[in-house]
Amino acid sequence: MSQEKELAFSIIQIGDSGVGKTSIFRRYVYNTFEDNTVSTIGLQFSFKDVTLDNNITLKLKLLDTAGQEKYRSLSKSFFRNAHAALFVFALNRMETFQHITEWVELFKENHDRVDKIPKYLIGNKSDLIKSREVDQKLIDDLENQLGFKYFPTSALNNYNIDALFKDIANTLYQAYKDDKNDKGQKSLI
Ligand code: GTP
């Protein structure tokens with residue numbers, strides 16, 4: 001049991017610049033939000049412990065990649081260590097949704113166990129109701145096509161952020177329990 005308490009997993013966020021990746025992690029880890037953020041330079045890490053309902057604590061390493069094109073090769077080099085991947089678009093910017101399949105392809109090319117890890121589709125900025133550009137039908141279709149679980153979120157309003165990471169933590173722990181001998185689920189931190 002004590003060994004299980006030291007379980008650690010890396011969660012990576014991927015998506016276009018400005019969709020709110022840094023803001024999602026910031027909301028989850030520090031419960032804060034900033035209006036004027038600076039684009040991520042290279043890559044940022046943060047950490048958070050999460051205790052599941054069964055009292056097992058997981059250590060989450062959160063990898064925040066930069067959406068800007070110039071950092072793409074750096075971001076790619078961190079894909080392979082991820083135990084879970086979040087593909088993020090902004091509900092008020094159609095092109096960020098249209099780019100999701102490209103991000104998924106890039107991720108698949110750079111991860112050896114892509115079919116084995118939990119993957120999520122995240123529609124952030126759900127608070128921007130009037131300027132919303134991406135219809136739910138389009139999201140449903142992509143969700144079915146990719147087979148990823150979809151979460152709408154708002155880092156601004158703190159909508160669905162804790163629920164998202166709770167789901168990820170439970171899914172990671174379940175996968176670990178189902179496949180205890182798989183060293184891909186062990187900590188890389
Ligand atoms: P890169 O680091 O360039 O890849 O961008 P990013 O995806 O990390 O986006 P970031 O978190 O820096 O947010 C970009 C802008 O969107 C900032 O002005 C944030 O304040 C804003 N933002 C982030 N999340 C939300 C949200 O849920 N709702 C609203 N209205 N704005 C948000």
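Below you will find a few notes about this structure. Going along each chain's sequence as written, the residues are numbered from 1 onward. Two thresholds apply to this predicted model, a pLDDT of at least 70 for residue-level local features and 80 or more for giving and counting side-chain atom pairs, whereas whole-chain, interface and lining totals are computed over all residues. Values shown for side chains rest on all heavy atoms present in the structure; no hydrogens or waters enter the calculation.

Strand pairing follows a simple DSSP-based rule, namely that at least 2 bridges must link the two strands. Helix and strand labels come from DSSP, where a helix needs a run of H or I of at least four residues and a strand needs a run of E of at least two; each type is numbered from the N terminus. Taken together, the 6 strands give an open sheet; going across it, the order is 2-3-1-4-5-6, and neighbouring strands pair in mixed fashion. Only two strands of the sheet have a single partner each, and these edge strands are strand 2 (43–51) and strand 6 (149–152). For this sheet, the mean angle separating the axes of adjacent strands, direction not counted, is 25°. What counts as an axis is a line fitted to C-alpha atoms, over the stretch in contact for a helix, and the angles between N-to-C directions run from 0 to 180 degrees.

By nearness alone, 23 residues border the ligand, and Ser17, Ser23, Asp35, Thr37 and Ser39 come closest of all. Nitrogen and oxygen atoms within 3.5 Å of one another constitute a polar contact, given that in protein one can donate a hydrogen and the other can accept it, and given that sequence-neighbouring residues count only through two side-chain atoms. Between Asp35 and the ligand, the recorded distance is 2.6 Å, taken from a backbone N or O atom to an oxygen atom. Taking Leu156, its main chain carries an N or O atom lying 3.2 Å from an oxygen atom of the ligand. Here the ligand, which alone exposes 660 Å², has 90% of that area covered by the protein. Both site types are read off a 1 Å grid over the protein atoms alone. A 1.4 Å probe that fits but cannot get out defines a cavity, while an open set with protein on both sides within 12 Å along at least five of seven lines defines a pocket; lining residues have an atom within 4 Å of a point. In this description, a molecule resides in a pocket or cavity if more than half of its atoms sit within 2 Å of the grid points defining it. If you map the ligand onto the pockets, it falls in the largest pocket. Of all the elements, helix 1 (residues 21–30) adds the most residues to the shell around the ligand, at 3 residues. A breakdown of the residues in the shell around the ligand according to their chemical character gives 6 nonpolar, 11 polar and 6 charged. By convention in these notes, a residue is near a molecule or strand provided one of its non-hydrogen atoms lies within 4 Å of it. The method behind every accessible area is Shrake-Rupley, applied with a 1.4 Å probe, and residues are considered shielded solely by the protein chains displayed. Note that Gly is not counted as nonpolar here; it falls among the polar residues with everything else outside the nonpolar set of Ala, Val, Leu, Ile, Met, Phe, Trp, Tyr, Cys and Pro and the charged set of Asp, Glu, Lys and Arg.

Looking at the element boundaries, Lys119 is found in strand 5 (residues 119–124). It turns out Lys119 is buried and unbridged, and the closest side chain with the opposite charge, Asp115, is 5.2 Å from it. A distance of 2.6 Å separates the side chain of Lys119 from the backbone oxygen of Val114, its partner in a polar contact. A polar contact of 2.8 Å, which involves the side chain of Lys119, links it to the backbone oxygen of Ile117. For the exposure calls, accessible area comes from a 1.4 Å probe over protein chains only, and a residue counts as buried if that area is under 20% of its type's maximum, exposed if over 50%, partly exposed in between. For the purpose of counting charges, residues Lys and Arg are taken to be positive, whereas Asp and Glu are taken to be negative. His and the chain ends are not included. Salt bridge, as used here, is a side-chain nitrogen of Lys or Arg placed within 4 Å of a carboxyl oxygen of Asp or Glu.

What follows deals with the packing of aromatic side chains. When the centres of two rings from Phe, Tyr and Trp lie within 6.5 Å, Trp using its six-membered ring, the rings pair. Their planes under 30 degrees apart give stacked, over 60 give edge-to-face, and anything left gives tilted. One pass over the structure, following the stated rule, counts 10 aromatic pairs. When the ring of Phe25 is compared with that of Phe165, the centres are 6.0 Å apart and the planes differ by 45°; the resulting orientation is tilted. One end of the pair, Phe25, is in helix 1; the other, Phe165, is in helix 6 (residues 161–178), with 140 residues separating them in the sequence. The class of Phe25 is buried, set by a relative accessible area of 4%. The class of Phe165 is buried, set by a relative accessible area of 0%. Ring geometry for Phe79 versus Phe107: centroids 5.3 Å apart, planes at 50°, classification tilted. Of this pair, Phe79 sits in helix 2 (residues 72–79) while Phe107 sits in helix 4 (residues 100–109), placing them 28 residues apart in sequence. What links up through ring pairs into an aromatic cluster is the set Phe79, Phe87, Phe107 and Phe148.

Remark: nonpolar core denotes a set of buried residues (Ala, Val, Leu, Ile, Met, Phe, Trp, Tyr, Cys) joined through side-chain atoms within 4.5 Å. With 30 residues, the main nonpolar core has Ile11, Leu58, Leu86, Phe165 and Ile168 as its most contacted residues. Listed by contribution, the elements that provide at least two residues to this core are strand 1 (8–15), helix 1, strand 3 (57–65), strand 4 (84–90), strand 5 and helix 6. For this core, the element with the highest residue contribution is helix 6, accounting for 8 residues.

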